[in-house]
Amino acid sequence: MTTTFLSTFLRELGSRRNLAASAALLFLLVVAVLSAAAPLLPIQDPLAIDTLNILSGPSQAHWLGTDELGRDILSRIIHGGRISLGVALSAVLLAGVLGTLLGVLIGFCGPRVEAVAMRLIDVFVSLPEIFVALIALALLGGGLGTLIGTIGLIYCPQFARVVYNMTRSIRAREHVLAARSLGAGRLWLIRHEALPNLYSIIAVQASVTFSFALLMEAGLSFLGLGVQPPTPSWGQMVGILKNYIYINPWSAVFPGLALFFVVLAVNLVGDLLQDVLNPELRK
Amino acid sequence: MLRFLGHRLSSALLTLAIAAVAVFLVARMIPGDPVMIMLGEATGGDPAAVARMRNELGLDRSLFVQFSNWAMRLLQGDFGVSIRSGEPVLDDLLLRIPRSLELIAGGLLVAVLLGLPLGILSARNRGRLSGAISSIVSVIGFSAPVFVSGVILVVVFGVWLQVLPSSGYVPFADDPLLHLSCLVLPSLAIGLNFMGVVARVTRASLIDTMDNDYVALARAKGLSRGRAMIRHALPNAMVPVIAIIGIRAGNLLGGTVIVEALFDWPGLSSLLVSASFSRDYPVIQGSLIAIFAIFILISLLIDLAQSFFDPRVRATA
Amino acid sequence: MTAAPLLSVRDLSVRFGDFLAVDGVGFDVAPGEVVCIVGESGSGKSVTGRAIMGLLDGSVRRSGEILLRGEALQDASEKRMNAVRGKEISMIFQEPMTALNPGMRVGAQIAEVLLLHFPVTRAEAMRRAVALLERVGIRDAKTRARAFPHELSGGMRQRVMIAIACAADPALIIADEPTTALDVTVQAQVLELLFKMQRELGSAVVFVTHDLGVVAGIADRVVVLYRGKVVEQGTVTEIFTRAQHPYTRALIAAAPDVELPRTPGLRFPTVDTDAIFGRADGAPASAPAPSSAAPVPAAPASLAGTEEDAATPALELRDLHRTFRLGGGLLPFGGKSLHAVNGVSLTIAPGTTTALIGESGSGKSTLGRCVARLDRPTSGDILYRGRDVVALRGDELMAFRRQVQTIFQDPFASLNPRRTVGEAVTDGLAIHGLAGREERHERARALLARVGLDPDYVSRYPHQFSGGQRQRIAIARALALDPRFIVADEAVSALDVSVRAQVLNLLSDLQDEHRLSFLFITHDLSTVRQFADRVAIMRAGEIVEDGETEAIFTDPQHEYTRSLLAAVPRIHLESAHRLRPLPA
Amino acid sequence: MEMTRRSFALTGLTALTGLALGGTSLSAFAAGKAGTLRYGTVTEVTNIDPHIYAGNSWKVLIGVLYSPLVTFDTKGEIVPAVAESWEQPDAATIVFRLREGVTFHDGSALTADDVVFSLERIRDEATGATLRGYLVDCTIAKVDERTVEVKKSEPDASLLSVLALPEAAMVSKAWVESGVNIKSQANGTGPFTLAEYESGVRARLAANPSYFIEGEPKLETVDFRMIKSDDARVSALRSGQLDMIDFVPWKDIDMLARMPNFEVDSASGAFMSVWFNATRAPFDDPRVRRAMAFAVDREAISRAAFFGHGTPIFSAPTPEDSPYYNADLKGTVSLDIEKAKALLAEAGHGEGLDMELIVYQGLGIYTTTAQILQANLKEIGVNVSIRLVEWSDLVSRKNGADYDAMIYGVSMKLNDPDAYSYYLGSESAYWAKPIGYRDETLEALLDEGRQLTDQGARKAVYAKAEERILETMPWIFINYREQAQAYTRKVKGYVHLGGALSEAAPAISLPKIALD
């Protein structure tokens, strides 16, 4: 299924029907490369303050204008992408690794552990995200590490739930029974029978979580609970610059668009992943 | 059905009990001291005054004693008294919960009214331009951060066109129409994002359901593609849609902070956040418990709604 | 055959992307005639049925002509097709579970057809729907009309399907494997009903099936398909008595015959499609002949105190119970109990095959899982070579795992899709730490060769194999640890007739080579007579009768056994077994 | 009214169906009720105990619900309130003569006992009152039914100003002792009564018919909405849902002022400063603190963070219009990178140092200021890492002395220069006490100034105190920030005040405001 999932996905990506998704993937790649290479690009210093030239519109010197401290918005968007994408990616990794482990382990731990653990997870899933974020930030202070940890923790239970549900269905499959009848222990079952079959659903869940994490990073930064200034992130830029829409509406629009298009692209790719996965699940 | 309800209720109570412990611990985990915050800025937290007030509020007792006092009173329906305002937490909750539910209901209305047709359209016309467009519209709704769409709504409808109040809350009893008009923009802000979710799940579920033999049977009976979809696929496709609506609605209970702030709508989320800022433990605990209780209630309602669309759910009940 | 054909299919081709599912199929159906389309999986038979109805969606390309009373349906407008569907041509689907709308009361689902095609009021349609339900033999039809599909049994659901298909008095009914998912006794009843209705309505039927037994009982004419092409067509008599094509002949020969007395050591006739049609493109070929010279893993250390001893039964079950608690949850109260296995006692001698026969829900699979210790009995003893299986722990349990293996029903599900075939067959060795990576690779090759597959396939993934090949892989996996006892849970039920014979033959060979004992769990009586030494009939958690195979087949004691036997479709064209008169 | 409602339904409907017909239904909801002022305020007040300060909005609410003995008028002069007159027999004593016929909102008459009770309540440690520090060494005595004497152990020139603050509210003894919840109920003698109140959300004030000043208040009702979000507050004013807002965001001052239908009044209010933890190395070294003070580009901060509405402070924070303003100090602390570097090198940190700056996350003025500071200090080798925190965290860190430096907006406490004791006196719980800061020279000067009554003599002492402050630089003074009030032109009679009265200004004006 690894091979079929991937190859079906790639094939679907190539087909004309999914032009939007392949364009989205291409876009994401470009954004990722730009963000990764931000320090090497011939763009202005994203931290250079110019208080004589704040909130200016697009101009020759500043293609997308300047922000509330006169910093170049284009450069901040590109550098902000490093943060926004990096935080989201790391958070997804964290949530994915932790959530997958939790979900699989719970799925193989017997009914009692299962019942209690899942109830606990239910409780954590229904904890308001903003509240979790507040607590984490109060406990750990600001900073990128906290932000990644917080967002990772917020999405970890959801990940665990998805993985757990899938694990439960895998657990009942005949190949797992077959392995058990060969004498396979829990670890073997998890490593060789469950995990490899979870990859595709993990991929889909990760793509969904990635777009959530981007928005969450943005939301937290918007509320001032995220990235610490002067480091730029898209959400933080929108959060701050939207205060000045009556002065210079463009300044907030550009980082907003960057965020929006990336989330859109992630969702488009995620949709395709899901379309490929769904018939697979049904099989 | 009765036994099913009884079973669900008892399991709900168990969840609530676990939640109560978790909520209490989590609330106390936050560093900071409500008394210090209340007295702090002006008096610099004069130790004697702080100690006295802590004692008055019972915050100097052991966590266990505090928990059991709180839990015992909670069992009697007493949510305690806010540290900040000295008012019963329950009063606050009874004011805030209906507002939050109203906001969520408004968002839900927008989401269902726009999201369902959009989802159906994009499923029905899959592979065609109209399908792709409606898919993209729903993804756009889903992708637009609420603080972006919210700001746009305020500026366009509130400030430029001035056709709707940009923000605020007016009690229904004071002026029902003004009350409802205040609800429109925040509902839209929530609803547009929510719409994206509903449309996407509707699309996926409908495409799934369309593959079923009973839809083929419906067509074999002589139903057109459209009617087979609406009459046979759609009701069955609603089950996951309802599930996602329930989950999202539940998440919105404490998750509308940004919207409440943008539109100055005094709901449960902002109560929770402001209580967290001032470490008003009874209010934090009370609102979290309320959120859990409503969450559980919603999931019960969802089960009932699902059983309406899928009698098999009724059977397992 | 002089009457103008009701339906003419001319040069029908259906293409899904690059895959040609139906390739130039043509046949006629006269009014009132029953035409069976026979083929194995992937032959394009179901696609043909749906293509006639115009029910293929999306990216499918269809060419050729479909003439209904001379009217070209392939060019008909959607509106015209909606008028034809249900009224002129109706359809019965395979899975009564999924083919009825789960959210709609069955009466309404029947009434819907009437409302669509006749100018009747809703009340009138409902009244007629109830009448139809009565006509298809559903008692208390008025109440049942208000039932939802899940509240009815499989057989009843299929009766509802028949009612829907017959509601508008169609000229043609297309039945797509309508009884495949049913138990054999129910199948007999449903077939009887279908052809009673057919007789009354005078409709023609296109009956799609893989089961030659059913064909022998109902067909006027037969169309044999293989990989989308018509191999041969003719009257039922022609096909069964003087088939021209070697494939048709081989297929009929391979169909299990429940009336053939048991001949120990006899192997089932096989269908060698490679020889007949040349190698197919997709799936890898099977190795020409299973070579018994292939190396077989060394015998494992024996389970302490369980030396082979003809006097000790390989397996003994004493008053075995397995009860499931339904519903409930965390809380200790509530929920109902299901007695899946209810006091079963059974003994299996070493080196013999015992067939455990039961219909769905009889508890036979639960029993099998208890034996393989994949489930724990609620009470009772399972003695494997005299040792209590339930009590096994640690090393002893591992030793037991090496000796007792299970082969499952669904070769698609029982192989981990993410592991190569080589890994799959040697997982047992890896788990027990019996061989290093290199050695496992060699063993994997040997095992594949032993089950008749090309050893070079070790690094392929399961999805690259056909169903029969996968089942061979599953068998190879079971063999890797050189087991003494195999629980085969519906191990051949999902396989096509031709492949089924090969797999059964392989199992027989292995039994002879290794003196294996089999617990052969199945719902299918027809294969058992040749294959099993003893037969046990299970119903509702209890064994109603067990004994020597021939005794059971020739002199069944229990009424249930007799009804089971009577319901098995016969492969012979005898009017006694025909639901319809043989065509002239 | 009926018409309004109908057009309302229409607007709601058009918007719902997405057929927003711009402009046609303008301001259907914008028409407030006659005699009702709709007031948008910034702080979410959750505790209306009249003796515990809780932000701007608290001051407005308490200022109109309760009355102190004396109060400020719209010119900033102290005028009679509950007390009709007072006399100062000596520099440490004030004797108040109570007005006759003053009643609380519950109808009971205000007595000398209530006055004594109120002031004693402020002094009581258990109350946690804001003014406790000022009154703790007072004796309060009832002379007769209409006379109360307040006596301090030492002369205190600022005592009367303190008693004129809204925080010195008069409460009813019987009412407080009856066990009411004073955190969410009010019973004062002020011009308005608390008709409805939802903690942290809104309050409705109704005119007090038996207010002791004839002809006031002019308004029937004040609808208070607590709107923390700057944008929501401004939008609500612009869209006609509010008549007046306080704490106008600096970025919007000019925009609103340009609009024909709004009036914006602005005056200096609080001043922005950087507080050092002056007991934590290396910030215990005055040279380090001074070095940083010379590195700050105050003009840039005023320009970018305050959009020009914040006058830079190049000396000490005494406003220019104050009689105590010392022109000699002007320009003492200006941008001088070389000097800053030299000072830093002198202190032994020529290679630079690291500092964590604690910054409130909720307001742009703080975060923008912080980032400019960061850039400024980088030039002299001070690496600032900004840590955004919520307000309660900031307060906890301040009281727990857990910070290197933080940005603080200091509201002016008094127009009297003794405010310096409150800011920087070693006994000040506000800043010095938690971190254990004490400067003997400054301490002596502040004590001296407090006990003098002659303005000329005081001016000289406070000039020295200010010099000392700039020498030791416990805080970096950045700029005054303007505090602006915006309102529609139909609001008449509002007078904006600056300095220490900027927070109380709306409370002072409210009884006099009328609507066209």
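What you see is a predicted model, and the numbers here were worked out from it, not measured in a lab.

Draft legend 1. Here's a closer look at the overall build of chain C. Helices and strands together make up the secondary structure of chain C, namely 21 helices and 20 strands. Relative to the globule expectation of 25 Å for 584 residues, the C-alpha radius of gyration of chain C, 26 Å, shows essentially globular dimensions. Each principal axis of the C-alpha atoms in chain C carries an extent, and together these give about 80 × 60 × 45 Å. Here chain C, with 584 residues, has 55% of them falling under the buried criterion. Counting contacts in chain C only where the partners sit at least 6 residues apart, residues at least 24 apart contribute 71% of the total. Of the accessible surface of chain C, which amounts to about 22900 Å², a share of 50% is contributed by carbon and sulfur atoms.

Draft legend 2. Region of interest: the overall build of chain B. Across its full length, chain B carries 14 helices and 0 strands. Mapped from its N terminus to its C terminus, chain B presents α and β elements in the order α-α-α-α-α-α-α-α-α-α-α-α-α-α. Each principal axis of the C-alpha atoms in chain B carries an extent, and together these give about 85 × 55 × 35 Å. For chain B, buried positions account for 63% of its 317 residues. Total accessible area on chain B is roughly 11400 Å²; 71% of this is exposed by carbon and sulfur atoms. When the 24 basic and 20 acidic side-chain charges of chain B are each reduced to a single mean position, those positions are 17 Å apart.

Draft legend 3. Looking closely at the pattern of salt bridges. Summed over the entire model, instances satisfying the criterion amount to 80 salt bridges over all chains. As a salt-bridge pair, Glu 198 of chain D and Arg 99 of chain B come within 2.5 Å of each other at their nearest N and O atoms. Linking Glu 198 of chain D in strand E8 (residues 192-198) with Arg 99 of chain B in helix H5 (residues 89-124), this pair reaches from one chain into another. Summarising the burial analysis for this pair, Glu 198 of chain D and Arg 99 of chain B share the class buried. Its salt-bridge partner being Glu 263 of chain D, residue Arg 489 of chain D comes within 2.7 Å of it at the nearest N-O pair. Note that Arg 489 of chain D is positioned in the loop between strand E16 (475-488) and strand E17 (491-492) and Glu 263 of chain D in strand E12 (residues 262-276), a separation of 226 residues in sequence. Its relative accessible area of 39% is what places Arg 489 of chain D among the partly exposed residues. Several salt bridges converge on common partners, so that one network encompasses Asp 174 of chain B together with Glu 196, Arg 202, Arg 204 and Asp 223 of chain D.

Draft legend 4. Structural view of the domain arrangement of chain C. Residue and element names in this part refer to chain C. You can read the domains of chain C as domain 1 (1-88 + 172-258 + 569-584), domain 2 (101-169) and domain 3 (315-325 + 338-567). Summarising the inter-unit geometry, the C-alpha centres of domain 1 and domain 2 are found 25 Å apart. Across the boundary between the two partners, domain 1 contributes 17 residues, which contact 14 residues of domain 2. A per-residue breakdown of the area domain 1 buries against domain 2 is headed by Lys 87, Leu 193 and Met 197, which together make up 38% of the total. Put simply, domain 1 and domain 2 have 1 salt bridge between them. Note that Arg 135 is salt-bridged to Glu 200, the shortest N-O span being 3.0 Å. Looking at the side of domain 1 that touches domain 2, the elements that each hand over two or more residues are helix H2 (78-84) and helix H8 (184-201).

Draft legend 5. Geometry of the side chain of Gln 109 of chain C. Structurally, Gln 109 of chain C can be placed in helix H4 (residues 106-117). A relative accessible area of 1% means that Gln 109 of chain C is categorised as buried. Among the polar contacts made by the side chain of Gln 109 of chain C, one reaches the main-chain carbonyl oxygen of Met 104 of chain C at a distance of 2.9 Å. Residues contacting Gln 109 of chain C, with those up to four places away along its chain left out, are Lys 221 of chain B together with Leu 100, Asn 101, Met 104, Pro 149 and Ile 164 of chain C.

Draft legend 6. Structural context of the interface of chain A and chain C. Contacts between the two partners involve 25 residues from chain A and, on the opposite side, 27 residues from chain C. Contact between chain A and chain C buries roughly 2300 Å² in total, counting both sides, with carbon and sulfur atoms accounting for 59%. A per-residue breakdown of the area chain A buries against chain C is headed by Glu 174, Ser 181 and Leu 182 of chain A, which together make up 31% of the total. Joining chain A to chain C, the criterion identifies 0 salt bridges. Counting the contacts that link chain A with chain C gives 11 residue pairs in polar contact (both at pLDDT 80 or more). Elements with a minimum of two residues in the side of chain A that touches chain C: helix H1 (2-14), helix H4 (111-126), helix H7 (174-181) and helix H8 (186-222) of chain A. A breakdown of the residues in the side of chain A that touches chain C according to their chemical character gives 11 nonpolar, 9 polar and 5 charged.

Draft legend 7. Highlighting the packing of H8 of chain A against helix H9 (residues 234-241) of chain A. Residue and element names in this part refer to chain A. Packing of H8 against H9 brings their axes to within 7 Å, and their N-to-C directions diverge by 40°. Taken as axis vectors, H8 and H9 run oblique relative to one another. As for how H8 packs across H9, the hand of that crossing is right-handed. Residues Glu 217, Ala 218, Ser 221 and Phe 222 of H8 touch H9, and the partners they reach there are Gly 235, Gln 236 and Gly 239. Here the contact of H8 with H9 is composed, by residue class, of 2 nonpolar, 4 polar and 1 charged.

Draft legend 8. Helix H15 (residues 421-431) of chain C, seen in detail. Burial of H15 of chain C is extensive: 9 of the 11 residues sit out of reach of the surface. For H15 of chain C, the complete set of buried residues consists of Val 421, Gly 422, Ala 424, Val 425, Thr 426, Asp 427, Gly 428, Leu 429 and Ile 431 of chain C. Packed against the buried residues of H15 of chain C are H7 and H8 of chain A together with helix H14 (394-403), helix H16 (437-450) and helix H17 (467-479) of chain C. Just downstream of H15 of chain C lies Gly 433 of chain C, where phi reads positive at about 60°.

Draft legend 9. Local environment of the confidence of the model for chain C. All names here are of chain C. Per-residue confidence for chain C averages 86 on the pLDDT scale, and 92% of its residues sit at or above 70. Considering only residues more than four positions removed or in separate chains, one finds that residues 281-306, a stretch of pLDDT under 50, has 53 contacts. Here residues 328-332 scores under 50 on pLDDT; set against residues more than four positions off or in separate chains, the count is 13 contacts. Model confidence for the complex: the whole-complex pTM is 0.82, and ipTM, which rates the interface, is 0.80.

Draft legend 10. Fine view of the side chain of Gln 469 of chain C. If you trace the backbone, Gln 469 of chain C turns up in helix H17. A distance of 2.9 Å separates a polar atom in the side chain of Gln 469 of chain C from the backbone nitrogen of Ser 466 of chain C.

Here is what the cut-offs are and how they apply
- Residues numbered from 1 in each chain as written.
- Chains lettered and ligands numbered in written order.
- Predicted model: local features only at pLDDT ≥ 70, side-chain atom pairs only at ≥ 80, totals over all residues.
- Heavy atoms only, no water.
- Helix = DSSP H or I, 4+ residues; strand = E, 2+ residues; numbered from the N terminus.
- Rg over C-alpha atoms; globule rule 2.2 N^0.38 Å.
- Buried < 20%, exposed > 50% of the residue type's maximum accessible area, 1.4 Å probe, protein only.
- Contact = heavy atoms within 4.5 Å.
- Areas by Shrake-Rupley, 256 points an atom, 1.4 Å probe, with all protein chains shown as cover.
- Lys, Arg positive; Asp, Glu negative; His and termini not counted.
- Charge placed at Lys NZ, Arg CZ, Asp CG, Glu CD.
- Salt bridge = Lys/Arg side-chain N within 4 Å of Asp/Glu carboxyl O.
- Domains from an automatic or database assignment.
- Buried area = accessible area lost by both parts, 1.4 Å probe.
- Polar contact = N/O pair within 3.5 Å; in protein donor to acceptor, adjacent residues only side chain to side chain.
- Nonpolar A, V, L, I, M, F, W, Y, C, P; charged D, E, K, R; others polar.
- Axes fitted to C-alpha atoms, helices over the stretch in contact; angles between N-to-C directions.
- Parallel < 35°, antiparallel > 145°, perpendicular 65-115°, else oblique.
- Left-handed = near helix turned anticlockwise from the far one by under 90°.
- pLDDT = per-residue confidence, 0-100.

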